[in-house]
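# Structural overview for review
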Amino acid sequence: MAEQFDVVDIIRTKRDGGELSTEQINWVIDAYTRGVVGDEQMAALNMAIFIRDMNRREIVDWTQAMIASGDTMDFSTLSKPTTDKHSTGGVGDKVTLPLGPLVSSYGVAVPQLSGRGLGHTGGTLDKLESIPGWQADVPTDRLMEILEDSGAVVAAAGAGLAPADKKIYALRDITATVDCIPLIASSIMSKKIAEGTSALVLDVKVGSGAFMKDLDQARALARTMVDLGNDAGVRTRALLTDMNTPLGRKIGNALEVEESLEVLAGGGPADLVEITCELAREMLELAGVHDPDVEEALKDGRAMDSWRKMIRAQGGDPDAPLPVAAHQEVVTADRDGVLSELDALALGVGSWRLGAGRARKEDPVQATAGIEIHAEIGQEVKKGEKLLTLHTDTPDRFERALESIRPGIVIGDAPAAARTIILDRIV
Ligand code: URA
């Protein structure tokens, strides 16, 4: 059968700054999924979109076409409301781990379908897989049972959700077209809308360790995603949060589980607790729970009880000790002064080089690798004082990791400006 359009015309239209019709977008996404449009043609179209942008109608159509390329899930048979969170990705961002159990302790279902880490930001599944026995793959009928019973699930997103996005994202990754607002927004929202959650809170990271380096870009991305979600019937809000400095004091898979357990036990670092509680309040409000005392639910053990149920439901042993790296190396201050910068990207790349992340999607990750941070921005430090501990099972990685980490530590003379964690809220 003859094809409806010629892909070269579509690429040329966008290359010259024109607008793509709904029919052209539906066809090109479908034809690419079927293999009729080639990788080189989709790569050229992505680059044309990167340079020329898409208007709101084109972004909605692109998102809907990617949803239509695969399956959608339906949680409407559950007896509880559903709400989910998505982060655009940052260094030390383990918020999903305490947040799901915290929100589900209020009787709300939290279906978090996640991916594995690629590059310097860690993947939630990689983190949870450091818990002995825990399984990321959950069949749909079991997923529904867990949501009805314990309420929170973190599972691998099945291959059937938005398969066009999977193919396009892999291509963008190797053609310098990832950091493009219409393509990021449609990629994230196609998966979240296909997942079938009724409410969604987005954590859009801003700063050196994030896709979006400045606040205006991050606001534009958040606005685009919030509109896409609401237009598709998913009640959606976004918080913009700081990612110039890693979140919390631990980076790496088992290390981030360890720190999440501190939060679930009512402790943990202030920045991580603040973001977790703020996102929980937003998610609960969208699910119809007003003014919840989420700090109390962390302190009185309710959230920890939900965590234990969530881990057990997926075969994990919440009481098993977490793995510890075979080798550690301490990084100390090279002068007296005030710690004024701990750069998120430098530490994220460092942790990745220690073995916590992967360069290609088929690479294994070390459960134990990562970085512990011992000092805070604004703190006075003395020469020789311990700032970081690096962890790995393969000590030949220390040198390359340090090449990234050292320039990211800045010790100055003047007091550092106070750090604001939550930068804006888009509704
Ligand atoms: N995460 C996604 O799922 N897609 C993007 O384009 C960027 C981040």
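Let us now look at the packing of aromatic side chains. Within this structure, the stated rule accounts for 1 aromatic pair. In this structure, Lys167 is placed above the aromatic ring of Tyr32, and the distance from its NZ or CZ to the ring centre is 4.2 Å. Here the guanidinium or amino end of Arg302 rests over the ring plane of Tyr106, the centre of that ring lying 5.6 Å away.

As a further point, take the environment of Leu78. Mapped onto the secondary structure, Leu78 falls in the loop between α4 (56-68) and β1 (84-87). Separated by 181 residues in sequence, Leu78 and Glu259 have C-alpha atoms that sit 32 Å apart. Beyond its immediate sequence surroundings of up to four residues, Leu78 is in contact with Ala109, Met144, Leu147 and Glu148.

Per the domain assignment, the segments making up the chain are domain 1 (1-81 + 158-194), domain 2 (84-157 + 202-313) and domain 3 (327-412). Each of domain 2 and domain 3 has a C-alpha centre, and these two points are 24 Å apart. Between domain 2 and domain 3, the residue contacts involve 22 residues of the former and 28 residues of the latter. Both sides together, the interface formed by domain 2 and domain 3 hides about 1,800 Å², and carbon and sulfur atoms give 57% of it. At the junction of domain 2 and domain 3, the tally comes to 2 salt bridges. Asp126 is the partner of Arg358 in a salt bridge, and the nearest nitrogen-oxygen pair spans 2.9 Å. Applying the counting rule to domain 2 against domain 3 returns 10 residue pairs in polar contact (both at pLDDT 80 or more). Elements represented by at least two residues in the side of domain 2 that touches domain 3 include exactly β6 (250-252) and α11 (253-264).

With that settled, consider the pattern of salt bridges. Once the charged atoms of two side chains with opposite charge are near each other, the side chains can pair. This model, assessed by the stated rule, comprises 36 salt bridges. The partner of Glu278 in a salt bridge is Arg281, with the nearest N and O atoms 3.1 Å apart. On the criterion of helical spacing, the pair formed by Glu278 and Arg281 is a turn pair, its members being 3 residues apart in helix α12 (residues 270-286). Salt bridges sharing partners connect three or more residues here, namely Arg56, Arg223, Asp227 and Asp231.

Taken in spatial order, the 3 strands line up as β10-β8-β12 in an open sheet, and their pairing is antiparallel. In this open sheet, the two strands that pair with only one neighbour each are β10 (380-381) and β12 (409-412).

Here α11 spans 17 Å end to end across 12 residues, near enough to the 16 Å set by a 1.5 Å rise per residue. The buried fraction of α11 is high, at 9 of 12 residues. Among the residues making up α11, those that are buried are Asn253, Ala254, Leu255, Glu256, Val257, Glu259, Ser260, Val263 and Leu264. With its phi angle positive at about 90°, Gly266 sits one or two positions after the end of α11.

Assignment of secondary structure puts Thr392 in strand β11 (residues 386-392). For the pair Thr392 and Ile421, spaced 29 residues apart in the sequence, the C-alpha separation amounts to 29 Å. Apart from the residues within four sequence positions on either side, Thr392 is in contact with Ala325, Ala326, His327, Leu354, Gln366, Ala369, Arg397 and Phe398. Within the structure, Thr392 has its side chain in polar contact with the backbone nitrogen of Thr394 (distance 3.1 Å).

With respect to the secondary-structure elements, Thr368 resides in the loop between α15 (344-356) and β9 (370-373). Side chain to side chain, Thr368 and Asp393 meet in a polar contact 2.9 Å long. Dropping the residues within four chain positions of it, Thr368 is found in contact with Leu255, Pro323, Val324, Ala325, His391 and Asp393.

Read from one edge to the other, the open sheet built from 4 strands follows the order β6-β9-β11-β7, with strand pairing classed as antiparallel. Edge strands, defined here as strands with exactly one partner in the open sheet, are β6 and β7 (327-332). For this sheet, the mean inter-axis angle between neighbouring strands, taken without regard to orientation, is 15°. Contacting β6, β9 and β11, α11 runs over the sheet at an angle of about 140° to β6.

Once that is clear, we can look at the site of the ligand. The full set of residues close to the ligand is Tyr169, Arg172, Ile184, Ser187, Ile188, Lys191 and Phe211. Interatomic distance of 2.6 Å between a side-chain N/O atom of Ser187 and a nitrogen atom of the ligand. A distance of 2.4 Å is found between an oxygen atom of the ligand and a side-chain nitrogen or oxygen belonging to Lys191. For the ligand, whose unbound accessible area comes to 240 Å², protein coverage reaches 91%. Among the elements that line the shell around the ligand, the one with the most residues is helix α9 (residues 181-195), at 4 residues. In terms of residue class, the shell around the ligand is built from 4 nonpolar, 1 polar and 2 charged.

Parameters and conventions
Residue positions are counted from 1 within each chain, in the order its sequence is given. Reporting in this predicted model follows two pLDDT cut-offs: at least 70 for local features of residues, and 80 or more for side-chain atom pairs to be given and counted; totals over whole chains, interfaces and linings ignore these cut-offs and use all residues. To obtain the side-chain values, all non-hydrogen atoms of the structure were included, while hydrogens and water were left out. Note on aromatic contacts: the rings of Phe and Tyr and the six-membered ring of Trp form a pair at centre separations within 6.5 Å, being stacked when their planes are under 30 degrees apart, edge-to-face when over 60 apart, and tilted otherwise. In our convention, an over-ring charge means Lys NZ or Arg CZ found within 6 Å of a ring centre and within 35 degrees of that ring's normal. Labels follow the DSSP assignment, with helices taken as runs of H or I lasting at least four residues and strands as runs of E lasting at least two, numbered in each case from the N terminus. Throughout, a contact is declared for two residues whenever any of their heavy atoms are within 4.5 Å. Segment limits for the domains were obtained from an automatic or database-derived domain assignment. The term buried area denotes the loss of accessible surface (1.4 Å probe radius) that occurs when two parts are joined, taken as the sum for both partners. Here, a salt bridge means any side-chain nitrogen of Lys or Arg that lies within 4 Å of a carboxyl oxygen of Asp or Glu. For the purposes of these results, a polar contact is taken to be a pair of N or O atoms within 3.5 Å, where, inside protein, one atom must be able to donate a hydrogen and its partner to accept one; residues adjacent in sequence count only when each atom of the pair is a side-chain atom. At least two bridges found by DSSP between two strands are what make those strands a pair. Multiplying one less than the number of residues by 1.5 Å gives the expected span of a helix. Exposure classes here rest on a 1.4 Å probe applied to the protein chains alone. A residue is buried below 20% of its type maximum, exposed above 50%, and partly exposed in between. Axes here mean lines fitted to C-alpha atoms, for a helix over just the part in contact, with angles spanning 0 to 180 degrees between N-to-C directions. Residues are labelled near a given molecule or strand when at least one of their non-hydrogen atoms is within 4 Å of it. In these tables, accessible area is a Shrake-Rupley quantity obtained with a 1.4 Å probe, and a residue counts as shielded only by the protein chains included in the view. Basically, the charged four are Asp, Glu, Lys and Arg, the nonpolar ten are Ala, Val, Leu, Ile, Met, Phe, Trp, Tyr, Cys and Pro, and anything else, Gly included, counts as polar.

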